[in-house]
Amino acid sequence: MELLSHLALGFETAFTIQNLLWCFVGVLLGTLVGVLPGIGPTATIAMLLPITFTFSPVTALIMLAGIYYGAQYGGSTTAILINLPGESSSAVTAIDGYQMARKGRAGRALATAALGSFFAGSFATLVLAVAAPPLARVALNFGAAEYFSLLVLGLLVSISLAHGSVLKALAMIALGLLLGTIGQDVTSGTPRYTMGYQELFGGVNFVSLAVGVFGVAEIFKNLQSLSDREVGVSRVTNLWLTGKDLRRIAMPVLRGTGLGSVLGILPGGGHVLASFASYAAEKRLSKNPQEFGHGAIEGVAGPESANNAAAQTSFIPLLTLGIPAHPVMALIIGAFILQGITPGPTVIEDQPALFWGIIVSMWIGNIMLVILNLPLIGLWVKMLTIPYRVLFPAIVVFASIGCYSIDGNPFDVYAIAVFGVLGYVLIRLGCEPAPLLLGFVLGPLLEHFAVRWNHLTSHKCGKNKGLERRRERM
Amino acid sequence: MRKILTAALAAVSMAIAAPAFAQEDYPTRPITILVPAAAGGPSDTVARLVAEAMRADLGQQVLIENAGGAGGSLGSGRVAAAEPDGYTLLLYHIGVSTFGALYPDLAYKPGEAFDPVGLVTEVPMTVVGRKDLPPGDMTELLGYLKGEGAGATFGTAGVGAVSDLCGRLLVEATGVKLTVVPYKGTGPAMTDLVGGQIDLMCDQTTNTVNQIKGDEIKPYAVTTKERIPVLLDVPTISESGVKDFEITAWHAIWAPKGTPEPIRQKLSAALQKALTSQTVIERFASLGTVPVPAELATPAALDKRFQSEIERWSKLLAAN
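Quick caveat, the model's predicted, so the values are computed rather than measured.

A. Inspection of the overall build of chain B at higher detail. Within chain B, the secondary structure is distributed over 12 helices and 9 strands. In terms of principal-axis extent, the alpha carbons of chain B reach across some 95 × 40 × 30 Å. Counting the 320 residues in chain B, one finds 55% classified as buried. In chain B, the share of contacts with a sequence separation of at least 24, taken over all contacts with a separation of at least 6, comes to 76%.

Rendered as structure tokens:
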């Protein structure tokens, strides 16, 4: 019953004209900016953060959260239509989503993404409302050793991202891991493989890499055989899902939602694995695994749901403990502080209207997104009928702008070109970019957790107090 | 003829006076403050609050531009290379004084590439431990770290981060043994401290006050000279017998080298006024800090602080 009164408070807060309006503006802006190629939620929210400074705290945070999950929707749109993921999660969507688009099923892919995301978002919001505080507590028991094991598992299942040769997939993962070692060593601060470029101290920019090996390489390929591309566009039929499609996506959406909800709670990087894990699971469980990589609708439904569920539940550590689970959450913490609220364990009790208002607004925002996005699908798909000679320069320009806007650094734009060439070479060699990207994302995490685990245990060899402590608590 | 001569003379004298004139008029267009860190972080928050308040006094927009990367040394480099006309400024923290020691290949020397405008705030830091760490206060903690707790794990946000500097200073001043565990940023380190995976941290009040108040972590001491209002019952490190121990995450505004003194004085005056604004005081309080007094928000005070900090951290970072 307590939950009901809390939710009532939440509805009361979220259902003011002002909050509904700014929630809508947030999801709309998020979708629009997120649709720009190469720009994912992190960049979107960083760019739009200043808009909210003059608002009241609740309104500002409702809008920011809206921008966040709005951009998540928008990001999958470009991944599906033009093979340009702006975030590691949409890199998975690009694998089968883009193939669906090439086969004239872009509308279905987008509808699947929208519906899957909506279901996952609603469910995860409910999880957030019912069980946030105890779940956050459980997640804290996840230490370096546990994360390390989880990431190893993630790398192992990532082979399933490839639909060609296993050997080549392994090679791509290894290349991704190596690219991930570029940058300052976390323990000593020594720069590694930076070739004297100060810009590489923080590592290779994810967006440069993703836009290069996915998007630009794809453009090279298309320009080489323009006729293929023309065929792909002319047959845009079936905007809507059939009953058969709905039956096919039902279970992947459910599984994806479950996986995403669980992994999203882990503050140390669980959300990164959500969409990859879901894709791997669907491929294993599918009756026709050979379809994966050639436009399997399950390969869009599962990961998109997982990704959206994780996006919602990753608010749990933030709202209950004041701990950011990933860069976007760190930005939102900044917004909290600017509004004069320090996020932390006391927020739920001190500011119940804020806490429950945000939760309810997330659900409302998800409804708005589905209403907003389903009609937009027709519009997005029409974009594909633009002649390619006009479309591809526009893609390159927007991707460059998006990439530049993240850190305001021209170096990242040059990097797109380098990775574009690399991506094209890889395509010619028959290697796929998805495992490379996963290796690149997981590599640095894997290293940090291994090093940390080492630090935490080595100084007390023999008596290993860290482990004893953990045992005591269990 | 005479008219023409007078006009010509007037034109010449105007041309000569123009630069001085420009300084008089400054600012005639929007000013950009570059923050070499991501939007939404503590430094960015400080910058946006101050910029908004300075705008009122300067009568021009004060824009914030974020340019992160390489611990802030990249964006700072952009300001170092910018036109010294007062329209491009840098707002960042104590980290600027460590760039020289951390990045020996830097294209600019931080100590020489900037002209000071003024200090903005000195964010206090706190030594905090996991909830179930045995020692009850700072004196006990120091004893514990020299005895059975030697080599306790100490989380930092990476080499050269202010949380790391605090740890190094603590080791140097007390001779305790710590196992430094670096993280990428303070967020994940705090996660592990709350989860009891690590023993200790020393971080800005911005990141610790709420966890302290929520009883998630144990406060041992503040690193300022005197106790701070938000944590009145937490003693200073000097109270625990460590003499002259002081470190704060001070923030300041710099201009590129060669920015005329009058312009910097004008900016300093605007900064001093901004620091008395009610909004700035209130929002700084929620960050666990206070604006610096007017005499520190000046070019001279920053110059003194900056040079002495460069010396202090270069020594400490080189020693390890």
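B. Geometry of the domain arrangement of chain B. All names here are of chain B. Along its sequence, chain B is carved into domain 1 (29–123 + 249–319) and domain 2 (124–240). At the interface, 14 residues of domain 1 touch 14 residues of domain 2. Among the elements that make up the side of domain 1 that touches domain 2, the one with the highest residue count is helix 12 (residues 299–319) (3 residues).

C. Examining the packing of helix 11 (residues 243–265) of chain A against helix 13 (residues 298–313) of chain A more closely. Residue and element names in this part refer to chain A. It is at 7 Å that the axes of helix 11 and helix 13 come closest, and there the two elements cross at 30°. When the axis of helix 11 is compared with that of helix 13, the two are roughly parallel. You can see that helix 11 and helix 13 cross each other, and the crossing is right-handed.

D. Highlighting the nonpolar core. Within the largest apolar cluster, 253 residues are counted, with the highest numbers of intra-cluster contacts made by A:I45, A:L61, A:L64, B:V50, B:L89 and B:L271. Broken down by element, this core gets its largest block of residues, 19 residues, from helix 6 (residues 106–140) of chain A. Lining this core are residues from two domains, each supplying at least three of them: domain 1 (29–123 + 249–319) and domain 2 (124–240) of chain B.

E. Summary view of the interface of chain A and chain B. On the chain B side, the residues contacting the 44 residues of chain A number 44 residues. Secondary-structure elements contributing two or more residues to the side of chain A that touches chain B are helix 15 (327–338) and helix 20 (433–458) of chain A. Take the side of chain A that touches chain B: its biggest share by element is 6 residues, from helix 15 of chain A. Residues belonging to the side of chain A that touches chain B are distributed by class as follows: 19 nonpolar, 20 polar and 5 charged.

F. A look at the packing of helix 11 of chain A against helix 12 (residues 270–285) of chain A. All names here are of chain A. Here helix 11 crosses helix 12 at 155°, and the two axes come no closer than 8 Å. By the angle between their directions, the pair helix 11 and helix 12 is classed as roughly antiparallel. For the crossing formed where helix 11 meets helix 12, the hand is right-handed. Of the residues in helix 12, those touching helix 11 at P252, R255, G256, L259, G260, L263, G264 and I265 are G270, H271, L273, A274, A277, S278, A281 and E282. Residue classes in the contact of helix 11 with helix 12 are distributed as 8 nonpolar, 6 polar and 2 charged.

G. Representation of helix 11 of chain A within the structure. Residues and elements named next belong to chain A. Taking 1.5 Å per residue, 23 residues should reach 33 Å; helix 11 reaches 33 Å between its end C-alpha atoms and fits that length. At I249, helix 11 shows its largest bend, some 30°, and a proline, P252, comes one to four positions later. The complete set of buried residues in helix 11 reads I249, P252, V253, R255, G256, T257, L259, G260, S261, L263, G264 and I265. Where helix 11 is buried, its residues contact helix 6, helix 12, helix 13 and helix 14 (315–321).

H. Spatial organisation of the environment of B:R305. Mapping B:R305 onto the fold places it in helix 12. Contact partners of B:R305, with chain neighbours within four places excluded, come to B:L119 and B:W250.

I. Structural context of the pairing of strand 6 (residues 178–182) of chain B. Residues and elements named next belong to chain B. In this structure, strand 5 (residues 152–156) lies alongside strand 6, joined through 5 bridges in parallel fashion. Each residue of the ladder has a partner; that of T156, found in strand 6, is P182. Note that the unit made of strand 5, helix 7 (residues 162–174) and strand 6 has a crossover that is right-handed.

J. Expanded view of helix 7 of chain B. All names here are of chain B. With 13 residues, helix 7 extends 18 Å between its outermost C-alpha atoms, agreeing within 8% with the 18 Å of an ideal straight helix rising 1.5 Å per residue. Taken as a whole, helix 7 has its buried residues at V162, S163, D164, L165, C166, G167, R168, L169 and L170. In the segment just after helix 7, G175 is the residue with positive phi, at about 75°.

K. Region of interest: the confidence of the model for chain B. Residue and element names in this part refer to chain B. Taken residue by residue, chain B gives an average pLDDT of 86. The fraction at 70 or more is 92%. Of all secondary-structure elements in chain B, the lowest mean pLDDT belongs to helix 1 (residues 2–25), at 54, while strand 8 (residues 217–222) reaches the highest, 94. Across the whole predicted complex the pTM is 0.77, and at the interface the ipTM reaches 0.73.

The rules behind the values
Residues numbered from 1 in each chain as written. Chains lettered and ligands numbered in written order. Predicted model: local features only at pLDDT ≥ 70, side-chain atom pairs only at ≥ 80, totals over all residues. Helix = DSSP H or I, 4+ residues; strand = E, 2+ residues; numbered from the N terminus. Buried ≥ 20, exposed ≤ 12 C-beta atoms within 10 Å, placed from the backbone. Contact = placed C-beta atoms within 7 Å. Domains from an automatic or database assignment. Axes fitted to C-alpha atoms, helices over the stretch in contact; angles between N-to-C directions. Parallel < 35°, antiparallel > 145°, perpendicular 65-115°, else oblique. Left-handed = near helix turned anticlockwise from the far one by under 90°. Core = buried A, V, L, I, M, F, W, Y, C linked by C-beta atoms within 7 Å. Nonpolar A, V, L, I, M, F, W, Y, C, P; charged D, E, K, R; others polar. Expected span 1.5 Å × (residues − 1). Bend = angle between axes of the 7 residues up to and from the residue. Pairing = 2+ DSSP bridges. Right-handed = clockwise from strand over helix to strand, strands pointing away. pLDDT = per-residue confidence, 0-100.

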